[in-house]
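# Chain and residue survey
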Amino acid sequence: MPAPTLPTPSSARPASGAVLPSAPMPPAPRMIRRSEVVPDPVRWVLTEETVPESRPHDLLSERIRCLLLGWAARAGRIVQIGRNLAIRWDRQHPQLGVDPDVYLVEPPPPEGDAVRSLLLWKDGHVAPRLAVEIVSAQHPTKDYVIAPQKYAACGIEELWVLDPFLEGPRAHGGPFRIQLWRRLADVSLAQVHAGEGPAWSEIVQGWLHAVRSPAGWSFDLSTDEAGAERWSTPEEAERAAKEAAQRDAEAERAARDVAEQRIRELEALLARAR
């Protein structure tokens, strides 16, 4: 059997909508390791219970969701981006599933925001193109070992496993701040990045960075590998627009004050010349 190969950019799904400007494509990724699909009918059961999230976990998940929303808005993509949506792929065993911390589905399911779970055997329900897992201190092995297998089984195109506080196991050289997994032609997932980053995402055509923040560690997306052209969330874009408008208004007001002062000076000169 020939060795599995990573899909090339030309074989990827055609993009819809506008395309953000991006830096030159990075070299073809090297497969670090591969996640085989070995179904586990016990550990893969998706319960209806809500697992409490820590505050840092919640903030990081929301940060990633908002960055993806900003990307979608700028690129004009028709997508659904959300958190903790159940994804089930086996009609004969509907109890098996996965619920990513953040997901990106393109196209969105027919129910839109009313969707309760993605049932991949239903018309109009497709596997997310991207899923993101923030490593939990309570269950780090789940995100490092089990998550890639489950996402391979459900048909995900790209998986980010983010471990901001390096709480994962030491297996395979870990823990890693950023892991990026990409789908192979034979349905398994290939780990193409494991380390501090930055890591190139085929789905968003941008670079994923781990960055220090006042709360510890966070994540950014950028057009360039160096991270100079960082992407903004919708809230950050709105705030920047308001600040720019305020600066413009202040500059206009200052220019008007200078012009009015100059007019007064000229009027005074004319009055003295009479």
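Being a predicted model, the structure only gives us computed values, none of them experimental. (Residues numbered from 1 in each chain as written. Predicted model: local features only at pLDDT ≥ 70, side-chain atom pairs only at ≥ 80, totals over all residues. Heavy atoms only, no water.)

From N to C terminus, the chain includes three helices and twelve strands. Considering the chain as a whole, with its 274 residues, one finds that 42% of them fall into the buried category. A separation of at least 24 residues holds for 61% of the contacts in the chain among residues at least 6 apart in sequence. In the structure as shown, the chain presents an accessible area of about 15100 Å², 55% of it carried by carbon and sulfur atoms. (Helix = DSSP H or I, 4+ residues; strand = E, 2+ residues; numbered from the N terminus. Buried < 20%, exposed > 50% of the residue type's maximum accessible area, 1.4 Å probe, protein only. Contact = heavy atoms within 4.5 Å. Areas by Shrake-Rupley, 256 points an atom, 1.4 Å probe, with all protein chains shown as cover.)

Scanning all chains against the criterion turns up 15 salt bridges. Between Arg83 and Glu62 there is a salt bridge, with its nearest N and O atoms 3.2 Å apart. Remark: Glu62 occurs in helix 1 (residues 55-75) and Arg83 occurs in the loop between strand 2 (80-82) and strand 3 (86-88); sequence separation between them is 21 residues. Judged by relative accessible area, Glu62 falls into the partly exposed class, the value being 26%. For Glu111, the salt bridge goes to Lys122, with nearest N and O atoms at 3.4 Å. (Salt bridge = Lys/Arg side-chain N within 4 Å of Asp/Glu carboxyl O.)

What follows concerns helix 2 (residues 140-154). The first and last C-alpha atoms of helix 2 sit 21 Å apart over 15 residues, in line with the 21 Å expected at 1.5 Å per residue. At Ile146, helix 2 is bent by approximately 45°, the largest bend along its length, and proline Pro148 sits one to four residues beyond. When you tally the buried positions in helix 2, you get eleven out of 15 residues, the bulk of the element. Along helix 2, the residues classified as buried are Pro140, Asp143, Tyr144, Ile146, Ala147, Pro148, Gln149, Lys150, Tyr151, Ala152 and Cys154. Following helix 2 by one or two positions, Gly155 has its phi on the positive side, about 95°. (Expected span 1.5 Å × (residues − 1). Bend = angle between axes of the 7 residues up to and from the residue.)

Looking at the secondary structure, you find Val145 in helix 2. With 26 residues separating them in the primary sequence, Val145 and Ala171 have C-alpha atoms 9.4 Å apart.

Attention now goes to the packing of aromatic side chains. Summed over the entire model, instances satisfying the criterion amount to one aromatic pair. Residues Trp200 and Trp207 carry aromatic rings whose centres are separated by 5.3 Å and whose planes lie at 65° to one another, so their mutual orientation is edge-to-face. With a relative accessible area of 7%, Trp200 lands in the buried category. On the basis of relative accessibility, which here comes to 7%, the residue Trp207 falls in the buried class. (Phe/Tyr/Trp six-rings, centres within 6.5 Å; stacked < 30°, edge-to-face > 60°.)

Next up on the list: the confidence of the model for the chain. On average, residues of the chain score 84 in pLDDT, and 80% of them reach the 70 mark or higher. By mean pLDDT, strand 1 (residues 33-35) is the weakest element of the chain at 65, and strand 4 (residues 102-105) is the strongest at 98. Here residues 1-5 is modelled with pLDDT under 50, and outside its nearest four sequence neighbours on either side it reaches six contacts, counting other chains as well. Per-residue pLDDT stays below 50 along residues 7-22; that stretch engages in 21 contacts with residues further than four places along the chain or on separate chains. (pLDDT = per-residue confidence, 0-100.)

Here we have three strands laid out as an open sheet, ordered 10-11-12, and antiparallel in their pairing. A single partner strand is all that each edge strand has here, and the edge strands are strand 10 (199-201) and strand 12 (216-222). Adjacent strand axes in the sheet meet at a mean angle of 35°, parallel and antiparallel pairs treated alike. Both strand 10 and strand 11 (residues 206-213) contribute to a ladder of three bridges, which runs antiparallel. (Pairing = 2+ DSSP bridges. Axes fitted to C-alpha atoms, helices over the stretch in contact; angles between N-to-C directions.)

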